[in-house]
Each structure stands twice: as C-alpha cells, then as structure tokens.
Amino acid sequence: MSAPPPPMSGLIVRSEQPFNAEPPLPHLRAAFVTPQATFYVRSHGEVPRLDEAHHRLRVGGRVAQPLDLSMAELRQRFPHRTVPAVLQCAGNRRSDLHRVRPVSGDLWAPGAIGHAEWTGVPLAEVLRAAGAAPDEALHVAFSASDMVDMPGEESFRFGISIPMGKAMSGEVLLAFAINGEALTPEHGFPLRVVVPGFAGIRSAKWVTGITVQDEPADTPMQRKNYKLLPPDIAAPPFDWERGFTINEMPLTSAICEPEEQATLPAGPTLLRGYATASGRGVTRVDVSADGGRRWQQAELERRPGAPWSWTFWQTRLELSPGEHELVVRAWDSAGQTQPASPEEVWNAKGYLCASWHRVRVRAD
Ligand SMILES: Nc1nc2c(c(=O)[nH]1)N[C@H]1C(S)=C(S)[C@@H](COP(=O)(O)O)O[C@H]1N2
Ligand SMILES: [Mo]
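Residues numbered from 1 in each chain as written. Chains lettered and ligands numbered in written order. Predicted model: local features only at pLDDT ≥ 70, side-chain atom pairs only at ≥ 80, totals over all residues. Heavy atoms only, no water.

Under an unreviewed UniProt entry, the name given to the protein chain is Molybdopterin oxidoreductase, and the source organism is Teichococcus coralli. Per UniProt, the comment on the protein chain under Cofactor (unreviewed entry) is "Mo-molybdopterin". (UniProt positions renumbered as here; feature names shortened; annotations may be inferred.)

(A) Quick peek at the UniProt feature "domain: Oxidoreductase molybdopterin-binding" (unreviewed entry) in the protein chain. Listed under "domain: Oxidoreductase molybdopterin-binding" (unreviewed entry) in the UniProt record, and renumbered for this structure, are residues 44–219. Taken end to end, residues 44–219 comprises 13% helix and 36% strand; its first and last C-alpha atoms sit 13 Å apart. (Helix = DSSP H or I, 4+ residues; strand = E, 2+ residues; numbered from the N terminus.)

(B) Focus on the site of ligand 1. Ligand 1 sits among 20 residues. The nearest are Tyr40, Asp146, His187, Arg192 and Lys205. Between ligand 1 and Asp146, the relevant distance is 2.7 Å, taken from a nitrogen atom to a side-chain nitrogen or oxygen of the residue. Take Lys205: an N or O atom from its side chain is 2.6 Å from an oxygen atom of ligand 1. Starting from 530 Å² of accessible surface for ligand 1 in isolation, the protein chains cover 100%. Sorting the residues of the shell around ligand 1 by element identifies β3 (41–42) and β8 (139–148) as the ones contributing at least two each. In the shell around ligand 1, the residues fall into eleven nonpolar, five polar and four charged. (Near = heavy atom within 4 Å. Polar contact = N/O pair within 3.5 Å; in protein donor to acceptor, adjacent residues only side chain to side chain. Areas by Shrake-Rupley, 256 points an atom, 1.4 Å probe, with all protein chains shown as cover. Nonpolar A, V, L, I, M, F, W, Y, C, P; charged D, E, K, R; others polar.)

(C) Structural view of the nonpolar core. Of all hydrophobic cores here, the largest spans 49 residues; its most connected members are Leu123, Leu127, Phe142 and Leu174. Setting aside anything within four residues of it in sequence, one finds Leu127 in contact with Ala132, Val140, Met164, Ala167, Met168, Ile210 and Val212. Formed by 21 residues, the second largest nonpolar core is a distinct cluster that contains Ile255, Val282, Ala298 and Ala363. (Core = buried A, V, L, I, M, F, W, Y, C linked by side-chain atoms within 4.5 Å. Buried < 20%, exposed > 50% of the residue type's maximum accessible area, 1.4 Å probe, protein only. Contact = heavy atoms within 4.5 Å.)

(D) The arrangement of the UniProt feature "domain: Moybdenum cofactor oxidoreductase dimerisation" (unreviewed entry) in the protein chain in detail. According to UniProt, the "domain: Moybdenum cofactor oxidoreductase dimerisation" (unreviewed entry) feature falls on residues 245–362. Secondary structure content for residues 245–362 is 0% helix and 49% strand, and the end C-alpha separation is 40 Å.

(E) A look at the confidence of the model for the protein chain. The predicted model of the protein chain has a mean per-residue pLDDT of 95, with 98% of residues at 70 or higher. For the protein chain, per-element mean pLDDT is lowest for helix α6 (residues 220–223), which scores 94, and highest for strand β12 (residues 192–194), which scores 99. Counting interchain partners and residues more than four positions distant, the pLDDT-below-50 stretch residues 1–5 has zero contacts. (pLDDT = per-residue confidence, 0-100.)

Shown next, in the form of structure tokens:
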C-alpha cells in the first residue's frame, strides 16, 4: 500500500526538520481563500500525529471552574463560528532583510502567509464558561503537544500567550476546521488556536491546555524570541529585554506575479498580489515600474464585512524593453503606508519585514 501524497505538495521547503514550507507566489495568488494544501507550514518541532477521539482540552489557572473537555464536548457545548482570517508568520519576507545584513531564521519569501475560513468555537465562550475574570491585565497561555528544540535551550513543550483583551474578542477561535475541512496534522489537527491579526506564533497548533495567568507564558518563545529588537543589536547573545513582544502584524503587501527575475514580453503586463492591514482596512494599493518614482493605483478585491480577511490587488503596467524594478505599497484606513526600504526595519531576528515589496524583472 502506498502512502497518501503529502498534503503540502508543491510547496517550497525552507527546512525539512522542523518542517517549514511556503507556496510559490503565483499559487498563493491563485485563490482568494487559500486551500489548505497551499497554506504555508511553520513548525518548531516534529509534527504530532494526534487522535481526535482521545484529545482533551484543559482550561485552568485563574478561572472559577476548570474544564476538561473532549473534542466532542467542545463541539457540542459551544457555539460554532467561522472567521475568514489571514495567518502570517512574523518572519514572512525575512529574505528581504537578510539581503541588507544577515539575520537568523528561515529565509521566507512573501509566501509565509495565507487566508482561510477558520471554523471553531470562540475562545471567549470557553473562557466565560470557565469563569475567567475578564481582567485585561491577565494573560491567556496556550500549551500544545509538540516538543520544541531551540538553539541554546533545553527541549521544551510549545507554549505561547496572548493578552486577555484579545482572548475575549469574538474573533479568536479554537478551530477544528479550515475551509470547511478537518485540519491536517501539519496545520494543527485536531484543534488549534487562530488569533486573527496577530503574528502566527500566537495561533498555537495541537492545543491541549489553556491557562489564565498573571504573566505571559513562561517559555523561551514567549520570553525571548518573537520580539522586535532595536537595530543596534546585530548578533547573539541578544539582549531580549530591549525587544518588544510581537502581537499585531503591520500593514504589508507583496507582488505575487510576475515573479522575481522573470523575463517578460515588453508591453502591458499584469501585476497581481496581496495586501493586509490586520484589522484595519486596506484603502489603496500603489504600484510602480520604476522603483517608486511614479505610482499607479491597483484595482482591489476584498470581502466586505470580513475585517481579518486580506485584499487582493491587480493592475496592468506598461513595461518598456529593459530592466525594471516593480514595487508595491499599500495604504490603510488611518492613512499610513509602508516604509520604503528594508534598511529602515532591519532587525537581527528578521521579523516584520513590511517595507515596499520590490521585484526585479526584464522585459524584451
Ligand atoms: N504547537 C505549535 N503551534 C504553532 C507553531 C508550532 O511550532 N507549534 N508554530 C507557530 C508559528 S511560528 C506559525 S507562523 C503558525 C503557522 O501555522 P501553519 O503551519 O498552520 O501555517 O503556527 C504557530 N503555531
Ligand atoms: Mo511564525
């Protein structure tokens, strides 16, 4: 009997162990709702193979009524909600920062992002049933089944947290389905957290425990990594105290087509890509064929009433024969736009690269 084909065929593998992979950008741009098979995978350890029938979710800490739920109980006892939301790794587009000065971590192109319809139970409902005090100063920590190895750390169980205010917002889900189908093991089967608008790291996969506590999670990935360090910190050992925790993701955009280093016929050329403002609206997308001197506005495609969804954009630009630097930048509903160059946002861990996305092409 042959093994079933891997669900993530066609992805560009950035690391075999742990398994990290992202879709080629034209695949990502092919559908407004990213199919699970096209969705990037970011794992810190081995992918656990879990059994839904025996999976349990324990809720404890500063709650009046601790819970210990099977998957069937979770599904039956709480209302279901579907939220279209972007999930994006804090390291998306790290390769652009690496070209400025070396950074540590997987060298993601702009494909460590996806947009799916997540279905599950609102975390807020479960916290309310457990009698968690809705005190905004508290933290909600998630623990998971996977063991993580990080450089300089003893092996530990995955754990991460979010502030109570976000946990009680209706959009944070304990999700058991993506685009109407069960999660695959790589994406967190049988249960994962989805925190719309926050860096992917907060969306714990294979979640087994929820703890309401006074402090953020006491794990290396909460205390140290996933912090934005100031630019003068260039090499390890990092002084993590000088960094701040990455929660909300910044306004960003990317060109998905044409691809970097493409050779195209001169003349009108279709450019397509994505933009996301993480809760705010994307109000305008500008595209340039001359490195950002002259701009043209792209046509936008988005889903009304879906604040955590993304925006697709497209436009045709006239390319004369020769080399061109294609550039995109998005604007949000607060009139903010993206920084022009990766130099301005360089940080040693290579997080939050949200500068104008630039693609070099040749027209013949
Ligand atoms: N348990 C667990 N949850 C996790 C991770 C992990 O390694 N273990 N990786 C996180 C990171 S860094 C990201 S970007 C997202 C990626 O989710 P995906 O693989 O479904 O795209 O999961 C997050 N949740
Ligand atoms: Mo991530």
